[in-house]
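Structural characterization, general
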Amino acid sequence: MARQLPPLNALRAFEAAARHLSFVKAAEELAVTPAAVSQQVKGLEDRLGQPLFRRVTRGLHLTAAGQTLLPGLSEGFDRLAEAVAEVGGGTDDDLLTVSVLPSFAAHWLVPRLPRFSEAHPEVRVVLLATQHRSDFRGDGVDAALRYAVAPPPDVEWAQLLQETLFPVCAPWVAERHGLREPADLMRAPILHDLLADGTVDTKWDGWLAAAGLPDLDPRRGSGHSDTTVAMQAAIAGQGVLLGRELLVADAIARGLLVAPFALRVPAPFSYWLLWPQRTARRKAWRAFRRWLDGEVDACRVSPPPE
């Protein structure tokens, strides 16, 4: 039986506009005008006999019908792209696009990527260093590395690492302030993280409680809203930072930072490896995931002796 489908261009226009919630951004993706996208969507709505968007002052909202239609169309276009790439020799086994947090990319992943390229010269890895969370629908992202309490729904995932938190500082800072046991922090400057709204991140609280120092106020030192800046401040000797295991591993190995205390506490967040089902079938992805697991195992930071 013949498939009764609306015109492909109308479906593409709706899917792009629904992902972006914008006719302008959809037009940029499809290399047409916003008016053309709007016209294609209007034609699709007329054919279906119901609206797919609610037009509001500052953009678009999907109607219930639009929300029902979008997931199936996105998956369908993904499958079409995979089939064409497989037949045409596309990029299935030579290009892997990974979305990653900028701090993780700068301090951990980028320095190690040459080893992956040497072991797998047939695979090209493209990193998108961004805070934006990919939904893997038409944005070209094959996998993502994220730092969160739990993985999002509707994707495949693996916990890359449940890391630990512990204080780190420049070697001369530890020496100057005689940092040999946690109580010595009372006489050292502290670096703390700032959240997006300007408030102080409470991650120091768990470590200080475990160390028996609940009265030490981490807010007395400098605050930073960017992890990379906070790391550089610690390396420069501005104070003691509560470091995340993976991010400080290389700086410790190079002697730029030291971890003066043995006490570690589990981080409330984990590193999650996320990917859509279509990525799981790719050889490039399987090679990258095996390599990534090995790199994580190799860089765990051993605590100093008690």
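Rules and cut-offs
Residues numbered from 1 in each chain as written. Predicted model: local features only at pLDDT ≥ 70, side-chain atom pairs only at ≥ 80, totals over all residues. Heavy atoms only, no water. Helix = DSSP H or I, 4+ residues; strand = E, 2+ residues; numbered from the N terminus. Rg over C-alpha atoms; globule rule 2.2 N^0.38 Å. Buried < 20%, exposed > 50% of the residue type's maximum accessible area, 1.4 Å probe, protein only. Contact = heavy atoms within 4.5 Å. Areas by Shrake-Rupley, 256 points an atom, 1.4 Å probe, with all protein chains shown as cover. Phe/Tyr/Trp six-rings, centres within 6.5 Å; stacked < 30°, edge-to-face > 60°. Lys NZ or Arg CZ within 6 Å of the ring centre and 35° of its normal. Pairing = 2+ DSSP bridges. Axes fitted to C-alpha atoms, helices over the stretch in contact; angles between N-to-C directions. Core = buried A, V, L, I, M, F, W, Y, C linked by side-chain atoms within 4.5 Å. Salt bridge = Lys/Arg side-chain N within 4 Å of Asp/Glu carboxyl O. Parallel < 35°, antiparallel > 145°, perpendicular 65-115°, else oblique. Left-handed = near helix turned anticlockwise from the far one by under 90°. Nonpolar A, V, L, I, M, F, W, Y, C, P; charged D, E, K, R; others polar.

What follows is about the overall build of the protein chain. Along the protein chain, the regular secondary structure elements total 11 helices and 12 strands. For the protein chain, the C-alpha radius of gyration of 24 Å lies well beyond 19 Å, the compact-globule estimate for 306 residues. Considering only C-alpha atoms, the protein chain reaches an extent of 80 × 45 × 30 Å along its principal axes. Here the protein chain, with 306 residues, has 44% of them falling under the buried criterion. Counting contacts in the protein chain only where the partners sit at least 6 residues apart, residues at least 24 apart contribute 76% of the total. Counting every atom, the protein chain has about 16,200 Å² of accessible surface; 54% of that belongs to carbon and sulfur.

Ring pairs (aromatic) are described by centroid distance and by the angle formed between their planes. Across all of its chains, the model carries 14 aromatic pairs by this definition. With centroids separated by 6.4 Å and ring planes inclined at 35°, the aromatic side chains of tryptophan 285 and phenylalanine 288 adopt a geometry described as tilted. One end of the pair is tryptophan 285 and the other is phenylalanine 288, both in helix H11 (residues 283-298) and three residues apart, which spans about a single turn. The same class applies to tryptophan 285 as to phenylalanine 288, namely buried. Each member of the aromatic cluster is reached from another via a ring pair, and the members are Phe104, Trp108, Tyr147, Phe269 and Tyr271. When the ring centre of tyrosine 147 is taken as origin, the NZ or CZ atom of arginine 244, which lies over that ring, is 3.8 Å away. In this structure, arginine 264 packs its charged tip against the face of phenylalanine 166, placed 3.8 Å from the ring centre.

Before going further, it helps to spend a moment on the environment of glutamine 232. Here glutamine 232 shows up in helix H8 (residues 227-235). Sequence separation between glutamine 232 and phenylalanine 136 is 96 residues, and the spatial gap between their C-alpha atoms is 33 Å.

The next thing to look at is the sheet that holds strand S3 (residues 95-100). The strand order S4-S3-S5-S12-S6 describes an open sheet built from five strands, whose pairing is mixed. Of all the strands in the sheet, just strand S4 (124-129) and strand S6 (156-161) have a single pairing partner and so form its edges. Sheet twist, expressed as the mean angle between neighbouring strand axes with direction ignored, is 25°. As defined by bridge partners, S3 adjoins S4 across six bridges and the pair is classed as parallel. Bridge pairing in S4 links leucine 96 to valine 125. The sheet strands contacting helix H5 (residues 102-119) are S3, S4, strand S5 (143-148), S6 and strand S12 (270-275), and the helix crosses S4 at an angle near 170°.

Ranked by size, the top nonpolar core spans 50 residues in total, and within it Phe104, Leu109, Leu145, Leu185, Val240, Phe288 and Leu292 carry the most contacts. Here this core gets seven residues from one element, more than from any other, and that element is H11. If we skip the residues at most four places from it in the chain, leucine 109 touches Val100, Phe104, Leu127, Leu145, Trp291 and Leu292. Judged by nonpolar contacts, the second largest core, of 21 residues, contains Phe14, Ala16, Phe23 and Phe77.

Moving on to the environment of valine 100. Within the element layout of this structure, valine 100 appears in strand S3. Separated by 90 residues in the primary sequence, valine 100 and alanine 10 have C-alpha atoms spaced 33 Å apart.

Going through the model one piece at a time under the given rule, you end up with 15 salt bridges. Arginine 244 is paired through a salt bridge with glutamate 163; the nearest N and O atoms lie 3.4 Å apart. Within this pair, whereas arginine 244 is found in strand S10 (residues 240-244), its partner glutamate 163 is found in the loop between S6 and strand S7 (164-168), the two being separated by 81 residues in sequence. Using a relative accessible area of 0% as the deciding quantity, one classes glutamate 163 as buried. Ionic contacts of the salt-bridge type, sharing partners, join the residues Arg112, Arg115, Asp250 and Glu295 into one network.

Turning our eyes to something else, we now look at the packing of helix H1 (residues 8-20) against helix H2 (residues 23-30). Two elements in contact, H1 and H2, have axes separated by 8 Å at closest approach and are oriented at 125°. Comparing the axis directions of H1 and H2 gives the class oblique. Between H1 and H2 the crossing geometry is right-handed. Taking contact as the criterion, the partners of Arg12, Ala13, Ala16, Ala17, Arg19 and His20 in H1 are, on H2, Phe23, Lys25, Ala26, Glu29 and Leu30. Classifying every residue of the contact of H1 with H2 gives six nonpolar, one polar and four charged.

A word on the environment of alanine 27. By the element assignment, alanine 27 lies in helix H2. Taking the C-alpha atoms as reference points, alanine 27 and valine 37, separated by 10 residues in sequence, lie 6.2 Å from one another. With residues up to four places along the chain from it excluded, the contact list for alanine 27 reads Val32, Thr33, Pro34 and Val37.

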